[in-house]
Amino acid sequence: MANNALASGSAVKRSGKPRHVPQRTCVGCHSTSAKRGFVRVVRGADGRVSVDPTGKANGRGAYLCATQACWDVALKRGRIGQSLHVTLTEEDRLSLAAYAARLANDDEEAAGTPDGR
Ligand SMILES: [Zn+2]
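Since the model is a prediction, treat every value here as computed from it, not as a measurement.

Bringing the overall build of the protein into the picture now. For the protein, the count of helices and strands is 3 helices and 5 strands. Counting helices and strands in the order they occur from the N terminus, the protein gives β-β-β-β-β-α-α-α. When burial is assessed residue by residue, the protein has 21% of its 117 residues classed as buried. Taking all contacts inside the protein whose residues are at least 6 apart in sequence as the whole, residues at least 24 apart take part in 56%.

Below, the discussion takes up the nonpolar core. Counting 18 residues, the largest nonpolar core has Cys 26, Val 27, Val 41, Tyr 63, Leu 64, Ala 74 and Ile 80 as its most contacted members. At the level of elements, strand 3 (38–43), strand 5 (60–65), helix 1 (68–76) and helix 3 (90–101) are the ones that each hand at least two residues to this core. If we ignore the near neighbours within four places in the chain, the residues touching Ile 80 are Val 27, Val 41, Val 49, Ala 62, Ala 74, Leu 75, Leu 88 and Leu 96.

Another point: the pairing of strand 3. Where strand 3 and strand 5 come together, 6 bridges link them in antiparallel fashion. Across the sheet, residue Phe 38 finds its bridge partner in strand 5, namely Cys 65. In this structure, the hairpin formed by strand 3 and strand 4 (residues 49–52) is closed by a connection of 5 residues, where Gly 47 is found at a positive phi of approximately 85°.

What follows concerns the sheet that holds strand 5. The pairing of strands in a sheet happens through backbone hydrogen bonds and is either parallel or antiparallel. Taken in spatial order, the 3 strands of this open sheet run 4-3-5, and their pairing is antiparallel. Two strands in the sheet have a free side with no partner beyond their single neighbour: strand 4 and strand 5. The sheet shows a mean angle of 30° between the axes of neighbouring strands, taken without regard to direction. Relative to strand 4, strand 3 runs antiparallel, the two sharing 4 bridges. Of the residues in strand 4, the one forming a bridge with Arg 43 is Val 49. Those strands touched by helix 3 are strand 3 and strand 4, and its axis lies near 25° from that of strand 4.

What counts and what doesn't
- Residues numbered from 1 in each chain as written.
- Predicted model: local features only at pLDDT ≥ 70, side-chain atom pairs only at ≥ 80, totals over all residues.
- Helix = DSSP H or I, 4+ residues; strand = E, 2+ residues; numbered from the N terminus.
- Buried ≥ 20, exposed ≤ 12 C-beta atoms within 10 Å, placed from the backbone.
- Contact = placed C-beta atoms within 7 Å.
- Core = buried A, V, L, I, M, F, W, Y, C linked by C-beta atoms within 7 Å.
- Pairing = 2+ DSSP bridges.
- Axes fitted to C-alpha atoms, helices over the stretch in contact; angles between N-to-C directions.

Shown next as structure tokens:
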């Protein structure tokens, strides 16, 4: 009803223990969902960051929607590294970008070509 909280961080009551499926938050668009359609990125023990298709790899993980738009934002703004408390190597960044390039692009039909390079 009167829901005009525009940019407030928490609309959730802290009532104690989380009871059900943990909510994942996309580091690109910050939408949450219970893992549905999210891709996990994991930081390995060696500090390398890679896509974790199984969702079970050991290490700190970050989640992203399986859409190019979110990966684009996350990679460009360094949010994956932020979330994982690590600096992505150029190699890791490129391999994540390559993964993102194969994802569905359902956000914009006419994808702009990133300039640069
Ligand atoms: Zn997202």
